[in-house]
Amino acid sequence: HAESVGGHRVVRDAADDGDDGDAPLRAAGDAADDLAAQALAVEPSLTGDDEVGALEQAVTAAPYVAVLAPDGLDTLTLCDGKACYALSWAQLGDDYNAFLRLLFSARVRKAGHNIKDLMRALLDEGLPTDGFVFDTALAAYLLDATAGSYDLPRLAQTYLGEELPDVQSVWALQPVLHEKMDAQAMLPLYTDVELPLCPVLARMEQAGFLVDRKALYDFGESLTSSIEQLQQSIWALAGEPFNIQSPKQLGSILFERLMLPAGKKTKTGWSTNAAVLDKLRGKHPIIEQILDYRTLTKLKSTYADGLLKEISADGRIHTNFQMTVTATGRLSSTEPNLQNIPVRRELGAQIRKMFVASPGKVLVDADYSQIELRLLAHIANDETMIAAFRSGEDIHAVTASQVFGVPLAEVTPLQRSHAKAVNFGIVYGISAFSLAQDIGVFQNEAKAYMDSYFAKYHGVRDYMTRVVEQAKADGYVTTLFGRRRDLPELKSSNFNLRSFGERVALNMPIQGTAADIIKAAMVRVDARMRAEHLQARLLLQVHDELIVECPAEEAETVKAILVDEMEHVVDYRVPLLVDAKIGASWAEAH
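Let's talk about the pattern of salt bridges
- Using the criterion set out here, one finds 25 salt bridges in the structure.
- Here glutamate 532 makes a salt bridge to arginine 528, at a shortest N to O gap of 2.8 Å.
- Taking the relative accessible area as the measure of exposure, arginine 528 reaches 25% and is therefore partly exposed.
- Taken together, the shared-partner salt bridges in this structure form one network comprising Lys116, Asp117, Arg120, Asp124 and Glu205.

Structural notes on helix H18 (residues 413–427)
- For H18, which comprises 15 residues, the first-to-last C-alpha distance of 21 Å matches the rise-based estimate of 21 Å (1.5 Å per residue) to within 8%.
- Buried within H18 we find Gln415, His418, Ala419, Val422, Asn423, Gly425, Ile426 and Val427.
- Tucked inside the fold, the buried residues of H18 contact helix H15 (371–380), helix H17 (395–404), helix H19 (432–439), helix H20 (443–456), helix H21 (458–474) and helix H22 (495–531).
- Just beyond H18, the residue with positive phi is glycine 429, at close to 65°.

Details of the packing of aromatic side chains
- Counted according to the given criterion, the structure contains eleven aromatic pairs.
- Among the aromatic residues, those joined into a cluster by ring pairs are Phe209, Phe355 and Trp586.
- Positioned above the aromatic ring of tryptophan 586 is the side chain of arginine 352, whose terminal nitrogen or guanidinium carbon lies 5.1 Å from the ring centre.
- Across from the ring centre of tyrosine 476, 3.6 Å away, lies the NZ or CZ of arginine 484, which sits over that ring.

Quick look at the layout of surface pockets
- There is about 1,200 Å³ of room inside the largest pocket.
- Val343, Arg345, Asp367, Tyr368 and His590 are the residues nearest the centre of the largest pocket, which is lined by 32 residues in total.
- Of all the secondary structure elements, the ones that give two or more residues to the lining of the largest pocket are helix H14 (345–352), strand S16 (361–368), H15, H18, strand S21 (578–583) and helix H24 (586–589).
- Across the lining of the largest pocket, the residue classes tally to 13 nonpolar, six polar and 13 charged.

A closer look at the side chain of serine 332
- Turning to its location among the elements, serine 332 is positioned in strand S15 (residues 332–334).
- The buried category is assigned to serine 332, whose relative accessible area is 13%.
- Setting aside chain neighbours within four positions, we find serine 332 in contact with Asn320, Phe321, Gln322, Val325, Thr326 and Gln339.

Digging into the packing of H20 against H21
- Where H20 contacts H21, the two axes come as close as 5 Å, and the packing angle between them is 100°. Between H20 and H21, the crossing angle belongs to the class labelled roughly perpendicular. Mapping the contact onto sequence places Tyr453, Phe454, Ala455 and Lys456 in H20 and His458, Val460, Arg461 and Met464 in H21.
- Residue composition of the contact of H20 with H21, by class: five nonpolar, one polar and two charged.

A few points about H15
- Most of H15 is tucked away, with ten of its ten residues classed as buried.
- Among the residues making up H15, those that are buried are Ile371, Glu372, Leu373, Arg374, Leu375, Leu376, Ala377, His378, Ile379 and Ala380.
- The first or second residue beyond H15 is asparagine 381, which carries a positive phi of 50°.

Examining the sheet that holds S21
- Pairing is antiparallel across the open sheet formed by four strands, whose spatial order is S19-S20-S16-S21. In this open sheet, the two edge strands, each paired with only one partner strand, are strand S19 (537–542) and S21. Between one strand axis and the next, the sheet turns by 20° as a mean value, whatever way the strands run.
- Contacting S16, strand S20 (545–551) and S21, helix H23 (residues 555–567) runs over the sheet at an angle of about 20° to S16.

Conventions we followed
- Residues numbered from 1 in each chain as written.
- Predicted model: local features only at pLDDT ≥ 70, side-chain atom pairs only at ≥ 80, totals over all residues.
- Heavy atoms only, no water.
- Salt bridge = Lys/Arg side-chain N within 4 Å of Asp/Glu carboxyl O.
- Buried < 20%, exposed > 50% of the residue type's maximum accessible area, 1.4 Å probe, protein only.
- Helix = DSSP H or I, 4+ residues; strand = E, 2+ residues; numbered from the N terminus.
- Expected span 1.5 Å × (residues − 1).
- Contact = heavy atoms within 4.5 Å.
- Phe/Tyr/Trp six-rings, centres within 6.5 Å; stacked < 30°, edge-to-face > 60°.
- Lys NZ or Arg CZ within 6 Å of the ring centre and 35° of its normal.
- 1 Å grid on protein atoms, 1.4 Å probe; cavity = no way out; pocket = protein on both sides within 12 Å on 5 of 7 lines; lining within 4 Å.
- Points joined across faces, edges and corners; volume = space filled by probe spheres on them.
- Nonpolar A, V, L, I, M, F, W, Y, C, P; charged D, E, K, R; others polar.
- Axes fitted to C-alpha atoms, helices over the stretch in contact; angles between N-to-C directions.
- Parallel < 35°, antiparallel > 145°, perpendicular 65-115°, else oblique.
- Pairing = 2+ DSSP bridges.

What follows is the structure, encoded as structure tokens:
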């Protein structure tokens, strides 16, 4: 039946006359069925104060309102479960701006889809970002972290069995997804970590990171000069000029002219990928130079040139944080990706030097020390490893002492290095073959290291067996925060797929918990800095590292907040340790 609201004709489903009262969020049940029974009419326009007034009353009275802004904030679609509305600035002018202030205030409870992006748009317009109680994209991601796509038509088909107008899908999906998350014990992760992180990330994106444009340009020019010198040297070693970037020409030089031992020749010619060249190290001086050439050309295109293009008019780079991409729960950074700056110290440091604090400000960089190994010790409840972390000893030296059977004081740098590879390899379910390749020993020697490791770290050995068996029985693994990853690969008839599933079963609870911890820490750090009325603001998160920009006089306070909140976000058997430094650039603070 149809009725009039403030002179505005709306179509209303007869089954939806009930009063929702002050229900915190609509519980699952008939809500989706009511809505799916009849697509609500989307009214093309609102005119006149009385109609806008009626809509304001409707949205403040509703238990929650679904809201989408598909083309920025110039247009909006809304659904309160009784009607859907299309509004635009073009129709309403100043009334529209006033309505937005109300709609995005804490007075109206809202469900959206990818609300972090909407919050970013609101911040850019100086509008509030309060009252968001649900995000259908985030909820669907938690329920199926490997789906790859969370667009509304697909979610409506999957969870409602039919397509609805997008804004109505959001309204109808909320109770269904809420109930499913509750059934999988993921509501605390959703309400305490994922949802509160949305405004934090929106503010970080808006803040951006100041870049020294001239230094970055000069860095690119120096790379160009080094690349040209390398090219001349490579040509001299090859005996003729050729296109170093062409696999076909490079293969011909290496395997036909210089007669180096080659891998397989494919239809397209010789393979010259990184793995092939790596095996040829030491066979001819040209190999090292080609590898250097590749590194420098990638640095120039991706970072020197690439980052220059990304600097906004305010001199800052505004990356985009993706919340629904990784299967482990980690955030990813795009346009540009600031998380993949090379780890190789001298090259990474060169690029990090370009990221600087604003005048009068400094950067505070805090990162977790060996968080994944600490989580492994806690999750596996391995007494030897827990004791090492609690005593503050160097875990890699302790492992070397255990594995090689030498006193702690006599561990050599090489033994420590090998033990470090074993420690991190174990977390990722490494094979003896891969470990042997990583540390340059024979496979039987690598296997002996691993056997010795498991003989000393019983808890880790038992955990690795237990977690895979449990994953096979359940079909999934979870983090300590309840984040779930389904593992259909464990039932595959393909050995490689099954092996992949087993490695994920080992690693996901550890890497995923680390991701949950840093997200929870970001929410706490942001809240604390705001509560203490500091000018400090979070700029960047890279895996286990947080970067804050603040006035110089706030630096010590901010450093203390970062360490305190990051170290005490959870209470596990092993203490979490955070290293924090202050500097004028990312390199200096890192």
